[in-house]
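The primary structure of each chain is shown beneath.
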Amino acid sequence: MKARPSLAVTLLASAASILPVLAHAETASSPDVALTVYQNGLTLVEDHRRMSLAGGSGTLAFDGVAQDLLPTSVQVSVPKGAVVREQSYQPPLDLQQLLRANVGQTITVVQTSPTGAPQRQTMRLLRAQPDVLLDNNGTVISGLPGQPEFSGIPAGLAVTPRLSAVVQGMPDGEQDVVLRYLSGGLNWHADHVLTLAPGGKSVALTTWATLTNGSGAAWSQAKVALIAGQVNRAEPVPMPAPMMMKAERVGAAAPAPQDSAPQRESLGGYHLYTLPGKVTLADGETRQFALLQTTSLPAEVLYEVRGSSYGSRSEEESHPAQILSFRNEGLSAPLPAGTARVYGADSSGAARFLGEDGIASTSDKGAVRLALGEAFDIGVTRNQTSFRKVSDNTYEAAYKIVLRNAQNTPVTVKVIDSMPGDWSITAESAAHQSPDASRAEWSVTLPAAGSTTLTYSVRVTS
């Protein structure tokens, strides 16, 4: 079996003193990074560094890259005249890498005695994969009997993720080098907070960009831009398996201080938000940034109950769905896809959560409908009062729908019934509308603390 990844690895020398130094290479001390984060978990990283090569040729080492880097997406831009001949990605150091690098060598295995004291035993590592085999004075042991100790980090391995590029013809002196690559691990989504005004005729809207860093890298003073919309992917990204546990999220998501509002612009079929200033994100951290805000959007609370002319013939009890409807007017910007949470106030003015729903990407002046939940103080009873088969493929049916309102104000409920085949309403207590060939809709007004009955008959040919 494979070595357990939970086993502790003890390094007997300082990591700083034994890290392998690549010949003719320097790594940047303060990279200038720009992150373009997409809503599907993809990030474009653009990493600017000052680097030099002795003799104009050698290996440039980029430490601190994202752990979920997509190696086939890497672009290393070097000064004119220089040529990149080879690129390679080294995942961060883990136990399996140390075991593989020490095959044939003697390692120390630490076990705990019954008294709790550590007991060290040297063994020769015969094999690292698919399971560990050790030679203990001529006896072959399968698996690690304790915690392994290693005398140092073998050459060619890195504690953090590393990307290397073999370059020829580099000009003398420090030069600007740009590393670009796609990575997973960073993600953002929109969270829309809506506050419904008393009377339900308008809503206040604040849209937050929630940015989460699970990339395995800490980003310091990075320029961050967010892309709203879904870019096409040819195939799923074959991300490397995680090499270490990610840090836990740092508390609850806290709004980031804003020097100014994000800059917005269209980018082809997408929308780009450039965050003000620079952003520092620890691995595992979640932060929020205000994207959009308006104090009043015209809104309407709707009640809808849905049924079918070919449903059950027995009595059915239900409650209408409560829908918040509004148009994206006044922002002069589209609403990115995300989750919308709606709040309202009770008679004392205390805030109450009314429900949440998803918002699809919505253009400027586009319509939004949010399903908040069921209106339990409005009851609906549906009965099929008659059914007659006219022929093998034609029938006639009649329905009685009683709507009861327990509120102290009148309400309007839209009754929406789906209709199969070719259909026609032959009788009805209120005029219907047909938004398409498969539905009939009635708008029924209910008096305060009262009820209204809707009846209709339909002829259907399949």
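The present account deals with the structure reproduced in this document.

Reading the values: rules and limits
- Residues numbered from 1 in each chain as written.
- Predicted model: local features only at pLDDT ≥ 70, side-chain atom pairs only at ≥ 80, totals over all residues.
- Heavy atoms only, no water.
- Helix = DSSP H or I, 4+ residues; strand = E, 2+ residues; numbered from the N terminus.
- Contact = heavy atoms within 4.5 Å.
- Pairing = 2+ DSSP bridges.
- Axes fitted to C-alpha atoms, helices over the stretch in contact; angles between N-to-C directions.
- Core = buried A, V, L, I, M, F, W, Y, C linked by side-chain atoms within 4.5 Å.
- Buried < 20%, exposed > 50% of the residue type's maximum accessible area, 1.4 Å probe, protein only.
- Phe/Tyr/Trp six-rings, centres within 6.5 Å; stacked < 30°, edge-to-face > 60°.
- Salt bridge = Lys/Arg side-chain N within 4 Å of Asp/Glu carboxyl O.

Moving on, we get to the side chain of Ser-308. The residue Ser-308 is located in strand 21 (residues 286–308) in this model. Excluding residues that lie within four positions of it along the chain, Ser-308 makes contacts with Arg-382, Tyr-399, Asp-417 and Ser-418.

Bridging between strand 14 (residues 186–196) and strand 24 (residues 338–345) involves six bridges; their strand directions are parallel. Within strand 24, the position partnered with Leu-194 by the bridge is Val-342. Inspection of the sheet shows strand 24 paired to strand 25 (residues 351–359) by eight bridges, in the antiparallel sense. Pairing of Gly-344 across the sheet is with Arg-352, part of strand 25. The turn linking strand 24 back onto strand 25 is made up of five residues, and Gly-349 within it adopts a positive phi angle of 95 degrees.

It is worth spelling out the sheet that holds strand 12 (residues 162–168) at this point. Pairing is antiparallel across the open sheet formed by three strands, whose spatial order is 4-12-6. The open sheet terminates on both sides in strands that have one partner only, identified here as strand 4 (58–63) and strand 6 (83–90). Taking each pair of neighbouring strands and ignoring which way they run, the sheet shows an average axis angle of 20 degrees.

What follows covers the sheet that holds strand 32 (residues 451–461). Read across the open sheet, the five strands follow the order 22-27-28-32-30; overall the sheet is antiparallel. Whereas interior strands pair on both sides, the edge strands pair on one side only; in this sheet they are strand 22 (316–318) and strand 30 (422–428). Adjacent strand axes in the sheet meet at a mean angle of 25 degrees when their direction is disregarded. Pairing geometry for strand 22 and strand 27 (residues 378–391), over three bridges, is antiparallel. Bridging across to strand 27, Ser-318 finds its partner in Val-380.

Let's shift gears to the nonpolar core. Trp-219, Leu-226, Phe-326 and Leu-370 are the most contacted members of the largest nonpolar core, which has 57 residues in total. Setting aside anything within four residues of it in sequence, one finds Leu-370 in contact with Leu-194, Gln-322, Ile-323, Leu-324, Phe-326, Ala-340, Val-342, Asp-357, Gly-358 and Ile-359. Counting 24 residues, the second-largest nonpolar core is a separate cluster that includes Val-305, Tyr-399, Val-411 and Trp-423.

Another point: the packing of aromatic side chains. Given two aromatic rings, one states the distance between the centres and the angle between the planes to describe the pair. This structure, assessed with the given rule, holds five aromatic pairs. Consider the rings of Trp-188 and Tyr-273, whose centres lie 6.5 Å apart with planes at 70 degrees: the pair is edge-to-face. With Trp-188 in strand 14 and Tyr-273 in strand 19 (residues 270–274), the pair connects residues that are 85 residues apart, well separated along the chain. For the pair Trp-188 and Tyr-273, a shared accessibility class is recorded, and that class is buried. Centre to centre, the rings of Trp-442 and Tyr-456 are 4.5 Å apart; their planes meet at 25 degrees, and the pair counts as stacked.

This structure, assessed with the given rule, holds 22 salt bridges. A salt bridge links Asp-47 to Arg-49; the shortest N-O distance between them is 2.8 Å. Across the pair, exposure class does not vary: Asp-47 and Arg-49 are buried alike. Measuring nitrogen to oxygen at the nearest pair gives 2.9 Å for the salt bridge that ties Glu-396 to Arg-388. Classification of Glu-396 as partly exposed rests on a relative accessible area of 23%.

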